[in-house]
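# Residue-level structural notes
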Amino acid sequence: MLNQLHKRLHDYQFLNKIKATSLQNPSLKQYIKKVSESIFDFTMAESVFFCEYVANRYETIHCVARTESATLDSEKWWSLFQENTNQSFAQLVYSQNQDLFFANISQFDYKFGIAIKASKENPLNSEYIAALNIAISNIQAQIIIFKQNENLLFLSTTDQLSLLNNRHALQQYILKESDKIRRYRQRKSANIQIAIAFIDLDNFKYYNDTFGHSAGDLLIACFASLLKRTCRQIDFLARFGGDEFLVLYCGDHTRDSIREDIKRFRHLLKEKSISMQ
């Protein structure tokens with residue numbers, strides 16, 4: 001009886017921890033890291049893996065393991081998902097081929113999976129699996145919320161034609177950088193420099209009116225792609241509106257390096273050919 005009560009209490013604490021984790025972590029990455037650790041501690045497993053379907057392949061996005069050699073490659077994930085394509089609910093299923101428990105927690109367009117490699121000393125019995133299935137159902141719901149919030153943020157801050165930051169994102173970025181500059185000036189601990197390049201496409205209205213809006217859209221998209229190739233990841237790129245673009249050069253840029261970037265961009269622009277077919 002005491003052992004049973006202790007097990008119930010252990011399950012209750014674990015499920016409460018999983019539920020509380022969603023309130024404590026602001027990002028999906030942090031959330032998955034914490035729930036992986038909780039599952040690992042609860043099951044005393046050999047390893048716990050989370051995967052996501054990214055860029056047309058399954059990739060392990062987090063792993064907690066007793067040995068550094070523990071891995072699950074893309075082919076093994078693909079095999080696990082193929083075995084469980086008809087799974088209606090997010091619940092653990094034992095895979096004899098890979099000797100581990102797997103749960104397909106995909107929903108809508110978001111594809112995720114959890115794999116648990118149990119240890120020989122602590123095999124997963126039906127009571128453990130029942131508690132884990134409750135936790136996995138909660139984890140699935142939280143992941144969907146995180147991904148939908150990411151989608152909403154992307155839609156609200158991204159220009160859908162150029163896939164650059166939009167004016168709203170630019171305003172938020174300028175406010176954040178202005179606050180940073182203000183704080184550094186008060187401390188007098190560093191000199192922050194930001195350069196801004198304002199770019200306007202010549203005769204864009206002519207191409208739009210002559211060849212149609214589809215051609216104009218193609219020009220905007222190709223120009224934005226070229227701009228991203230030229231600038232660094234830390235630089236902030238935005239479509240200001242219409243045929244106007246803006247680049248905020250951050251970090252250790254100098255006047256000479258910015259001139260070189262612009263010179264290189266103009267050279268690439270001259271070489272770029274766009275087919276209107």
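Everything discussed here concerns the structure shown above.
Residues numbered from 1 in each chain as written. Predicted model: local features only at pLDDT ≥ 70, side-chain atom pairs only at ≥ 80, totals over all residues. Heavy atoms only, no water.

### Side note on the packing of helix α7 (residues 213–230) against helix α8 (residues 255–271)
Describing two packed helices takes the angle between their axes plus the distance from one axis to the other. Under the convention used in this document: Between N-to-C directions, angles cover 0 to 180 degrees, with each direction set by a line fitted to C-alpha atoms, over the stretch in contact for helices. By definition, any uninterrupted DSSP run of H or I lasting at least four residues is a helix, any uninterrupted run of E lasting at least two residues is a strand, and each is numbered from the N terminus. We call two directions roughly parallel when the angle between them is under 35 degrees, roughly antiparallel when it is over 145, roughly perpendicular when it lies between 65 and 115, and oblique otherwise. By convention the crossing between two helices is left-handed if the near helix lies anticlockwise of the far one by an angle smaller than a right angle, and right-handed if it lies clockwise. Residues are treated as being in contact if the distance between any of their heavy atoms lies within 4.5 Å. Residues were grouped as follows: Ala, Val, Leu, Ile, Met, Phe, Trp, Tyr, Cys and Pro as nonpolar; Asp, Glu, Lys and Arg as charged; and all remaining residues, including Gly, as polar.
Orientation of α7 relative to α8, taken along the N-to-C sense of each, is 140°, at an axis distance of 10 Å. As summarised for this structure, α7 and α8 are arranged oblique, according to the angle between their axes. Crossing angle aside, the handedness with which α7 passes α8 is right-handed. Mapping the contact onto sequence places F223, L226, L227, R229 and T230 in α7 and D261, R264, F265, L268 and L269 in α8. Residue composition of the contact of α7 with α8, grouped by class: six nonpolar, one polar and three charged.

### So, the sheet that holds strand β4 (residues 100–104)
We apply this condition: We treat two strands as partners when DSSP finds at least two bridges between them.
Read from one edge of the open sheet, five strands run β2-β1-β5-β4-β3, paired in antiparallel fashion. In the strand order of this sheet, the two ends are held by β2 (57–65) and β3 (93–95), each with one partner. Each neighbouring strand pair of the sheet contributes to a mean axis angle of 25°, computed without reference to strand direction. Pairing geometry for β3 and β4, over three bridges, is antiparallel. Bridge pairing in β4 places S95 opposite L100. In the packing of helix α2 (residues 28–43) onto the sheet, the strands contacted are β1 (47–54), β2 and β5 (112–117), and the crossing angle to β2 comes to about 55°. Where helix α4 (residues 126–157) meets the sheet, its contacts fall on β1, β4 and β5, and the angle it forms with β5 comes to roughly 150°.

### A word on the layout of surface pockets
Rolled over the atoms, a probe sized like a water molecule indicates the empty space that remains. To keep it simple, the criterion reads: With a 1 Å grid spanning the protein atoms alone, the term cavity applies to any set of points in which a 1.4 Å probe fits but cannot get out, the term pocket to an open set with protein on both sides within 12 Å along at least five of seven lines, and the term lining residue to any residue with an atom within 4 Å of a point. Grid points are joined across faces, edges and corners, and a volume is the space filled by probe spheres set on the points.
Looking at the second largest pocket, its volume works out to about 190 Å³. Elements that contribute at least two residues to the lining of the second largest pocket include exactly β6 (195–200), α7 and α8. Ranked by residues supplied to the lining of the second largest pocket, first place goes to α8 with six residues. Residues belonging to the lining of the second largest pocket are distributed by class as follows: nine nonpolar, one polar and three charged.

### Some points on the nonpolar core
Short version of the rule: To form a nonpolar core, buried Ala, Val, Leu, Ile, Met, Phe, Trp, Tyr and Cys residues must be joined to one another through side-chain atoms within 4.5 Å. Working definition: with a 1.4 Å probe on protein chains only, accessible area under 20% of the residue-type maximum means buried, over 50% means exposed, and in between means partly exposed.
With 33 residues, the main nonpolar core has I105, I116, I139 and I143 as its most contacted residues. Taken together, the elements giving at least two residues each to this core come down to α1 (2–24), α2, β1, β4, β5 and α4. In terms of residues, this core owes the most to one element, α4, which gives 10 residues. Here I143 is in contact with L28, Y31, I32, F50, I105 and F112, once residues within four sequence places are set aside. Ranked by size, the runner-up nonpolar core spans 18 residues in total, among them L164, L219, A224 and C231.

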